[in-house]
Amino acid sequence: MELSTVLMLALVVIAVLVASGCSYVAVRASIYADECRLFCEQRAELNEVAKLSAEMSELTDAYDSLLNSHRKLRSRVGMREVRAKRKNGADEPSESPVPGSDDEKAALKRKLRD
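What to know about the overall build of the chain
Each helix and strand counted, the chain has two helices and zero strands in total. A buried classification covers 1% of the 114 residues belonging to the chain. When the accessible surface of the chain is totalled, it reaches about 10,700 Å², and 62% of it is carbon and sulfur.

So, in structure tokens, the structure goes:
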């Protein structure tokens, strides 16, 4: 074998090794790009969940505030009614209270005490 043939054969082997190395790097880069894309999609989903969670907590706080306001208003109205009854001399609870009302509960407690 001549020297030029051996050199050509060595260059071909080196070229094949370099090409296979480049192919390996390209495959790994493709896999990494897919992993990066999946990571970004998951991150976007997590951001969306975080936004929804924040909105949900805001709505829950607003609902709780509304319930507290409603309770306070019901209490004010109830106290006005009691004051009006006392002013008019109707201090006794009515004979047939509205089912589920505070008057009915108070009447039941008085009945149980007797």
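Still to come is the rest of the account.
Here we look at a nonpolar patch on the surface
The grouping of Leu9, Val13 and Leu17 at the surface amounts to a nonpolar patch, some 280 Å² of accessible area in total. Position of leucine 9 among the secondary structure elements: in helix α1 (residues 3-87). Note on leucine 9: relative accessible area 48%, which makes it partly exposed.

What to know about a positive patch on the surface
On the surface, Arg71, Arg74, Lys105, Lys109, Arg110 and Arg113 cluster together to form a positively charged patch. When contributions to the positive patch are tallied by element, the ones reaching two or more residues are α1 and α2 (102-113). Here lysine 105 shows up in helix α2.

A closer look at the pattern of salt bridges
Considering all chains together, one arrives at one salt bridge under this definition. For glutamate 41, the salt bridge goes to arginine 37, with nearest N and O atoms at 3.1 Å. Placement of both glutamate 41 and arginine 37 in helix α1 is noted, with a separation of four residues, approximately one turn of the helix. When its relative accessible area of 38% is taken as the criterion, glutamate 41 is described as partly exposed.

Brief notes about α1
The terminal C-alpha atoms of α1 lie 124 Å apart, and with 85 residues this matches the ideal 126 Å at 1.5 Å per residue to within 8%. Backbone geometry just after α1 places glycine 89 at a positive phi near 85 degrees.

Description of a negative patch on the surface
A contiguous patch of negative charge on the surface is contributed by Glu48, Glu55, Glu58, Asp61 and Asp64. Position of aspartate 61 relative to the elements: it lies in helix α1. Residue classification places aspartate 61 among the exposed residues on the basis of a relative accessible area of 51%.

Here is what the cut-offs are and how they apply
- Residues numbered from 1 in each chain as written.
- Predicted model: local features only at pLDDT ≥ 70, side-chain atom pairs only at ≥ 80, totals over all residues.
- Heavy atoms only, no water.
- Helix = DSSP H or I, 4+ residues; strand = E, 2+ residues; numbered from the N terminus.
- Buried < 20%, exposed > 50% of the residue type's maximum accessible area, 1.4 Å probe, protein only.
- Areas by Shrake-Rupley, 256 points an atom, 1.4 Å probe, with all protein chains shown as cover.
- Patch = residues over 30% accessible without salt bridge, like charges linked within 9 Å, V, L, I, M, F, W, Y side chains within 5 Å.
- Salt bridge = Lys/Arg side-chain N within 4 Å of Asp/Glu carboxyl O.
- Lys, Arg positive; Asp, Glu negative; His and termini not counted.
- Charge placed at Lys NZ, Arg CZ, Asp CG, Glu CD.
- Expected span 1.5 Å × (residues − 1).

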